[in-house]
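Listed here are the chains, written in short residue letters.
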Amino acid sequence: MTTNWSGTYNYRAARRERPTSIEQLRELVAAASAVKVAGSGHSFNAIADSESGWQLDLSGLIEPPRVDLDTGLVTVSSGMKYGELVPALAESGRALANLASLPHITVAGSVATGTHGSGADQPGLASAVRAVELLTADGELRWIDHTDRYFDGVVVSLGALGVVTRLQLATVPDFEVRQDAFLGLGWGEMVGRIGEVLGSAYSVSVFGRWIGPGPDHVIVKSVVAPGRQEPALPGASRTPDTLHPLQAAGATPDAVTEQGGVPGPWADRLPHFRLGFTPSAGAEIQSEFFVAAEDAGRGIEALLAVGEAIAPYLLVSEIRAVASESQWLSPAHARDSVAFHFTWKPDVESVRRAVGIVERALADLAPRPHWGKAFTYPGRLDFAYDRLDDFDDLRRMLDPGGKFRNDFVARHVAHS
């Protein structure tokens with residue numbers, strides 16, 4: 001892998017190694033001047049790059065997940081993808097409370113960057129973590145669980161503390177979900193009712209391009225249970241069709257998980273995209289910014305004001321809710337949040353200008369950029385993440401020689 005999954009970022013690491021044992025991993029970490037884990041490559045910036053060192057691929061260390069039915073915890077190899085974890089959970093009658101929009105991403109990479117699913121009552125994927133196994137620069141394999149004083153700094157780690165080798169995740173009993181697509185909401189209604197819309201079901205996604213009379217469509221994902229009423233969205237009409245998030249750009253629904261109100265397993269309905277297909281547009285760039293939930297209406301107004309300026313470079317935008325969580329570097333740290341996600345055309349320079357427009361439009365709302373997506377802020381993100389100094393102190397304690405530091409960490413995290 002010389003680029004990220006969409007081909008829009010070129011890695012500069014001199015070597016890529018794939019260890020097949022923990023001992024070999026230790027040797028590689030010891031031998032490298034600098035090292036980063038590459039994961040599945042679903043990032044859009046330099047966060048997983050190692051400009052002066054090596055990248056590691058941990059797919060050779062994947063072991064079958066172990067589900068403990070007494071505790072409900074599942075132990076997972078860090079290089080495993082969510083879609084590969086699902087069968088083991090299904091066999092045990094267990095589920096994860098939340099999933100990202102695509103199951104193609106690795107568990108550790110998702111957690112390390114603060115990636116999330118959606119739901120007004122659902123925090124991000126990192127909130128399911130109960131323990132982390134971390135190989136630090138000194139070769140020690142440490143098991144850090146939720147009772148550790150530094151746990152909330154270790155989970156969303158940006159790959160800057162060491163190599164995560166395994167994680168323990170909390171699970172819930174298996175459940176079914178249905179997806180329903182709704183049409184017809186206007187932007188004016190969205191501004192005044194965004195909290196109601198995003199809180200109307202277990203998980204809700206609003207897709208649009210910040211132009212025209214309203215969003216393209218809304219996807220409502222509801223838990224299926226006896227006696228529960230069919231989902232409704234006042235002011236909008238349900239359609240039986242399955243709609244691709246990028247339908248306005250001409251995308252067909254082949255890669256999309258089934259809609260039309262058909263019940264199905266949680267893992268087949270919470271993601272937007274099927275595991276066996278290329279997710280989203282494929283060739284694309286993504287950005288995402290989180291604001292406090294109470295500021296979501298103002299955020300919509302601010303983005304509508306610049307809609308005509310950014311629409312030529314935009315494939316689709318998505319609005320989702322994420323509940324507050326405790327991890328220091330989570331984009332939803334200590335506040336219920338609404339995320340504005342942007343899927344851009346693969347034109348790096350044009351997108352950079354468009355992202356700058358978005359950042360300026362949201363500037364008064366204390367936006368937090370997603371760590372693994374494109375943003376233009378030039379320096380430390382301490383203006384957005386108030387525990388960044390604490391995290392950097394932890395980073396220097398666990399990695400005093402800077403083995404897991406790269407240009408991204410130096411620029412956006414490290415003290416000067």
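Going by the structure above, here's the rest.
Because the structure is predicted, anything quoted here is derived from the model rather than measured.

### Things to note about the side chain of serine 337
- Locating serine 337 in the fold gives a position in strand S18 (residues 337-344).
- Within the structure, serine 337 has its side chain in polar contact with the backbone oxygen of arginine 335 (distance 2.9 Å).
- Sequence-distant contacts of serine 337, that is, excluding residues within four places in its chain, are made with Phe290, Val291, Ala292, Ala293, Arg320, Ala321, Val322, Pro331 and Ala332.

### Some details on the sheet that holds strand S2 (residues 35-37)
- If you walk across this open sheet you meet the three strands as S1-S3-S2, and the pairing is parallel. Looking at strand neighbours, the two that pair on one side only are strand S1 (15-17) and S2, the edges of this open sheet. Strand-to-strand, the axes of this sheet are offset by a mean angle of 30°, without reference to chain direction.
- For S1 and strand S3 (residues 54-56), the ladder comprises three bridges, and the chain directions are parallel.

### Section: the packing of aromatic side chains
- Summed over the entire model, instances satisfying the criterion amount to 14 aromatic pairs.
- Each residue in the set Phe289, Phe342, Trp344, Trp371, Phe375, Tyr377, Phe383, Tyr385 and Phe408 is aromatic and connected to the rest through ring pairs, giving one cluster.
- Of note, arginine 15 hangs over the ring of tryptophan 54, and the distance from its end group to the ring centre comes to 3.8 Å.
- Against the face of tyrosine 385 rests arginine 368, its NZ or CZ located 6.0 Å from the ring centre.

### Quick word on the pattern of salt bridges
- Going through the model one piece at a time under the given rule, you end up with 25 salt bridges.
- Note that aspartate 216 is salt-bridged to arginine 209, the shortest N-O span being 2.9 Å.
- Among the ionic contacts, a cluster of salt bridges with common partners joins Arg12, Asp49, Glu51 and Asp407.

About the criteria used
Residues numbered from 1 in each chain as written. Predicted model: local features only at pLDDT ≥ 70, side-chain atom pairs only at ≥ 80, totals over all residues. Heavy atoms only, no water. Helix = DSSP H or I, 4+ residues; strand = E, 2+ residues; numbered from the N terminus. Polar contact = N/O pair within 3.5 Å; in protein donor to acceptor, adjacent residues only side chain to side chain. Contact = heavy atoms within 4.5 Å. Pairing = 2+ DSSP bridges. Axes fitted to C-alpha atoms, helices over the stretch in contact; angles between N-to-C directions. Phe/Tyr/Trp six-rings, centres within 6.5 Å; stacked < 30°, edge-to-face > 60°. Lys NZ or Arg CZ within 6 Å of the ring centre and 35° of its normal. Salt bridge = Lys/Arg side-chain N within 4 Å of Asp/Glu carboxyl O.

Nothing here speaks to function; it is geometry throughout.
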